[in-house]
Amino acid sequence: MTGRHFRDYHLLLDEQSEQIFAMTDDIAERARKIGGTTLRSISDISRHQRLKDNNDESVAPKEMLAELSADNQALTRYFRSTHEICEKYNDVATASEIEVWIDQTERRTWFLSEIVQGL
């Protein structure tokens, strides 16, 4: 990303990526606690990936932030769907964690959407 708001966007995206990274560790720990497995490699990640990579060499700030907002909206839908499964199997602990992740993801979506509207 380039442009006059580079520093602000960089700091925002750093903050959001740290939150997402922490979430992935929580998800892996929860999976292991309930007897599941975790992702094991880059190829394993790509086999399970639902959000599309953007490998463009350059992306304008508005398009990048809009895409990230849409990705976060999709993630919220995935979390809600998973939450329903947790309720079905009475997995209260996982459902509780998912509720926190939904809130965090909705907040990221909100921030990104507000920025995009102002561009």
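Residues numbered from 1 in each chain as written. Predicted model: local features only at pLDDT ≥ 70, side-chain atom pairs only at ≥ 80, totals over all residues. Heavy atoms only, no water.

(A) The overall build of the protein, seen in detail. In terms of helices and strands, the protein carries four helices and zero strands. What you see in the protein, going N to C, is helices and strands ordered as α-α-α-α. The C-alpha extent of the protein, read off along each of the three principal axes, is 50 × 30 × 20 Å. Burial analysis of the protein (119 residues in total) assigns 24% to the buried set. Taking contacts inside the protein between residues at least 6 apart in sequence as the whole, the part at least 24 apart equals 74%. Accessible surface for the protein amounts to roughly 8600 Å². Of this, 52% is attributable to carbon and sulfur atoms. Separation between the mean location of the 15 positive side-chain charges and that of the 22 negative ones in the protein comes to 4 Å. (Helix = DSSP H or I, 4+ residues; strand = E, 2+ residues; numbered from the N terminus. Buried < 20%, exposed > 50% of the residue type's maximum accessible area, 1.4 Å probe, protein only. Contact = heavy atoms within 4.5 Å. Areas by Shrake-Rupley, 256 points an atom, 1.4 Å probe, with all protein chains shown as cover. Lys, Arg positive; Asp, Glu negative; His and termini not counted. Charge placed at Lys NZ, Arg CZ, Asp CG, Glu CD.)

(B) Region of interest: the packing of aromatic side chains. Taken as a whole and judged by the stated rule, the model has two aromatic pairs. Ring geometry for Phe-79 and Trp-101: centres 5.7 Å apart, planes at 35°, overall tilted. Taken together, the positions of Phe-79 in helix 3 (residues 61-88) and Trp-101 in helix 4 (residues 92-118) put the pair 22 residues apart, joining distant regions of the chain. Across the pair, Trp-101 and Phe-79 agree in class, each one buried. Plain terms: the ring middles of Trp-110 and Phe-111 are 5.0 Å apart, the flat faces sit at 80° to each other, and that makes the pair edge-to-face. For Trp-110, a relative accessible area of 49% translates into the label partly exposed. With relative accessibility at 27%, the residue Phe-111 sits in the partly exposed group. When the ring centre of Tyr-78 is taken as origin, the NZ or CZ atom of Arg-50, which lies over that ring, is 4.2 Å away. (Phe/Tyr/Trp six-rings, centres within 6.5 Å; stacked < 30°, edge-to-face > 60°. Lys NZ or Arg CZ within 6 Å of the ring centre and 35° of its normal.)

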